[in-house]
Amino acid sequence: MIELLEQFIPAADEVGWLQRGEDAECRLFQQVAEQGHYAGRVKPTNTRQGIYATTASGIMLASINTRSAEQVIDMLERALARWSELSEEERRLDDDTLRAVTSTRRWEHLYPEDGLVLRVDSRDLPREIDPRPENDWRRNARNRDLLWFTRDEALALVPADDTPGSSRDWPAHLANRVVCLNLVDNVCGQVPAFESDHAQQASIRSVVDSVDGNVVRVRIEGRTRAVVAGRWSVDGFNDMNDPSQQERGIETRILGFAEFDRLTQKFTAFEMVAIGTRWGATQYNGRTDDAEPAGIGYLFLLAEPHERAAPAFMWRYGWRK
Amino acid sequence: MLTPALLACATALHGSIFVLQDPSGPVLDDATFATWREYLRPSEPEMCWRTIPWRETFQQAVRDSQIDGKPILLWAMNGHPLGCV
């Protein structure tokens, strides 16, 4: 598989925007997708999820939507065979279209180079009784998201006074960002974010623990709770036209430790854990048969420099592309 | 990596992590922080797919395909595959 992949330019992207957008990049994807495995599909949904091998010019070489490594290998081999049949001219995009495609504004372009970028890993906590089958993939499921702060926002997470014991409450809009956009039950699948008025408690604060030269060590503590009730589907396609009364929520306690360099004005270390209880289900988050209260956990760590995908609910940040 | 089985063993021995000192949920304090951190941290095998040099956007792949003369392999999902899916 790895040897085959080296013959490609691998990319990953969010299909919802690509299949609905109207700019040049989206239109190019749509051109490819309509040659693929879900071409023309409208039921049960119009998704174009999948793995596509394509030329830059938009000639689809092969496509599939599968979790099978063997099927992906077969697809890659078919794609390379088709690629070899094409001339260089057929493979390449014209200059004007290339310029249009690569100049599309993306959320990724707002990556806060001088700010704080965290990756957030979510996972179910261990429990004595799990209602799901023994070999259910959800028992070991994980998910991940990103969390961005601009430079000024990151500064607002650190007490102004370096005296040990000095504290600073995270600004409400930043605590709400964490509670509503990251402390969501996405362990087994996608889930809507909470709205701001769903956040019943969003208390996070930083406390100076010690100072060592330019580095301030802070302790992060917090309590969060978000709850929403309403009518929605909780079983994928099975009840998509038959929503029912539901409630979902998450409450957590937060504890973390970070180091902030006053000289560079950047966090040099960041570890934060949120542990708590989740309940309820949504249409695609895989909790149809597992909606009773159970433990959930989140780990917030500094992202690697190459982890530049935009957060899942980036449009809720209020940042402009 | 701290698996659920190991965590359960640790609990049986130390009995601290699942003791509900606070009836609203499991214990998170200075003593349990590291344990929870390691339980929540993905293992190396779970992250091996990140060793592939994924471009975060389709447009980056189009640009690099033109430069390198290679076909594009695009993994497109609801939810960015390199983030939350």
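Residue indices begin from 1 for each chain and proceed along its sequence in written order. All chains are assigned letters beginning with A, and all ligands numbers beginning with 1, in the order in which they are written. Only residues with pLDDT of at least 70 are given local features in this predicted model, and only at 80 or more are side-chain atom pairs given and counted; all residues enter the totals for whole chains, interfaces and linings.

Student: Could you clarify how one ought to interpret the overall build of chain A in this entry?
Tutor: For the purposes of this entry, the term helix denotes a DSSP run of H or I that reaches at least four residues, the term strand denotes a run of E that reaches at least two, and both are numbered from the N terminus. Helix and strand content of chain A: 8 helices and 11 strands. When each of the 321 residues of chain A is scored for burial, the buried share is 38%. Exposure criterion: with C-beta atoms placed from backbone coordinates, a residue whose C-beta has 20 or more other C-beta atoms within 10 Å is buried, one with 12 or fewer is exposed, and one in between is partly exposed.

Student: It is not clear to me how the overall build of chain B should be interpreted in this structure. Could you clarify?
Tutor: When you go through chain B residue by residue, the secondary structure sums to 3 helices and 1 strand. For chain B, the sequential pattern of α-helices and β-strands runs α-α-α-β. When each of the 85 residues of chain B is scored for burial, the buried share is 39%. For the purpose of contact definition, each residue receives a C-beta atom placed from its backbone, and two residues are in contact when these atoms lie within 7 Å. If you take every contact in chain B between residues at least 6 apart in sequence, the share linking residues at least 24 apart comes to 22%.

Student: What's the story with the domain arrangement of chain A in this structure? I'm lost.
Tutor: Reports of interface size often rely on the accessible area that becomes lost once the parts have come together. For chain A, the assigned domains are domain 1 (2-102) and domain 2 (110-316). Just the C-alpha atoms count here: the centres of domain 1 of chain A and domain 2 of chain A sit 33 Å apart. An automatic or database domain assignment provides the domain bounds reported here.

Student: Even after reading the chapter, I still don't get the sheet that holds strand S1 (residues 72-77) of chain B, so can you show me in this structure?
Tutor: Strands belonging to one sheet form pairs held by backbone hydrogen bonds; the direction of such a pair is parallel or antiparallel. Strand order in the open sheet formed by 4 strands is S1(A)-S1(B)-S2(A)-S3(A), with mixed pairing between adjacent strands. Each end of this open sheet is capped by a strand with a single partner; those strands are strand S1 (9-14) and strand S3 (60-64) of chain A. Across the sheet, the axes of successive neighbouring strands diverge by a mean angle of 20°, strand direction being ignored. In this sheet, S3 of chain A lies alongside strand S2 (residues 50-54) of chain A in antiparallel orientation, the contact comprising 4 bridges. Bridged to Thr54 of chain A within S3 of chain A is Met60 of chain A. Angles shown run from 0 to 180 degrees and are taken between the N-to-C directions of axes, each axis being a line fitted to C-alpha atoms and, for helices, limited to the stretch in contact. Sitting on the sheet, helix H4 (residues 69-85) of chain A is in contact with S2 and S3 of chain A, with an inclination near 170° to S3 of chain A. With respect to the sheet, helix H3 (residues 58-68) of chain B is in contact with S1 of chain A together with S1 of chain B, its orientation differing from that of S1 of chain A by roughly 165°. What makes two strands pair is DSSP finding at least two bridges between them.

Student: Help me out: how do you make sense of the sheet that holds strand S7 (residues 199-212) of chain A in this one?
Tutor: Spatially, S5-S4-S11-S10-S9-S8-S7-S6 (chain A) is the arrangement adopted by the 8 strands of the open sheet, whose pairing is antiparallel. The open sheet has two free edges, formed respectively by strand S5 (142-149) and strand S6 (167-169) of chain A, since each of these has just one partner strand. Going across the sheet, the axis of each strand differs from the next one's by a mean of 20°, ignoring polarity. Against the sheet, helix H8 (residues 172-182) of chain A contacts strand S4 (116-124), S5, S7, strand S8 (215-232) and strand S11 (294-302) of chain A, and its axis sits at roughly 115° relative to S7 of chain A. Lying over the sheet, helix H2 (residues 33-40) of chain B contacts S4, strand S9 (244-261), strand S10 (266-279) and S11 of chain A, oriented at roughly 85° with respect to S10 of chain A.

Student: What exactly am I supposed to notice about the packing of helix H3 (residues 24-33) of chain A against helix H6 (residues 95-102) of chain A here?
Tutor: Geometrically, a packed helix pair is captured by the angle between its two axes and the distance between the axes. Residue and element names in this part refer to chain A. One can describe the packing of H3 onto H6 by two numbers: an axis separation of 7 Å at closest approach and a directional angle of 110°. In terms of their interaxial angle, H3 and H6 are classed as roughly perpendicular. Contacts between H3 and H6 involve Ala24, Glu25 and Leu28 from the former and Thr97, Ala100 and Val101 from the latter. Each angle receives one of four descriptions, namely roughly parallel if under 35 degrees, roughly antiparallel if over 145, roughly perpendicular if within 65 to 115, and oblique otherwise.

Student: How do you make sense of the interface of chain B and chain A when you look at a structure like this?
Tutor: On the chain A side, the residues contacting the 47 residues of chain B number 63 residues. Put simply, the parts of the chain that give the side of chain B that touches chain A at least two residues each are helix H1 (4-14), H2, H3 and S1 of chain B. Sheet topology note: the S2 of chain A/S1 of chain B ladder contains 5 bridges and is antiparallel. The partner of Gly50 of chain A across the bridge, within S1 of chain B, is Ala76 of chain B.

Student: When you look at the packing of H6 of chain A against H3 of chain B in this model, what are you seeing that I'm missing?
Tutor: Two elements in contact, H6 of chain A and H3 of chain B, have axes whose closest approach is 9 Å; the angle formed by their N-to-C orientations is 145°. By crossing handedness, the relation of H6 of chain A to H3 of chain B is classed as left-handed. Here H6 of chain A contributes Leu98, Val101 and Thr102 of chain A to the contact with H3 of chain B, which in turn contributes Gln59, Val62, Arg63 and Gln66 of chain B. Each residue is assigned to one class: nonpolar for Ala, Val, Leu, Ile, Met, Phe, Trp, Tyr, Cys and Pro, charged for Asp, Glu, Lys and Arg, and polar for all the others, Gly among them. Looking at the contact of H6 of chain A with H3 of chain B residue by residue, the classes come out as 3 nonpolar, 3 polar and 1 charged. Note on convention: the crossing is left-handed when the near helix lies turned anticlockwise from the far helix by less than a right angle, right-handed when the turn is clockwise.

Student: Please clarify how unusual backbone geometry should be interpreted in this entry.
Tutor: Residue and element names in this part refer to chain A. Between Lys43 and Pro44 the backbone carries a cis peptide bond, its omega angle lying at -5°. Summarising the element assignment, Pro44 is placed in the loop between H3 and S2. Even without a glycine there, the phi angle at Gln265 is positive, about 60°. Of note, Gln265 is situated in the loop between S9 and S10. Of the residues examined, Gln265 has 15 C-beta atoms within 10 Å and is grouped as partly exposed.

Student: Just to check I follow, could you spell out the pairing of S1 of chain B for this structure?
Tutor: Side chains on a regular strand alternate between the two faces of the sheet. Taken across its 6 residues, S1 of chain B has 6 buried, putting it largely inside the fold. Burial of S1 of chain B is two-sided: the residues Ile72, Leu74 and Ala76 of chain B facing one way and the residues Leu73, Trp75 and Met77 of chain B facing the other way are all buried. Sheet topology places S1 of chain A next to S1 of chain B; 6 bridges connect them, and they run parallel. Note on S1 of chain B: the bridge partner recorded for Ala12 of chain A is Trp75 of chain B.

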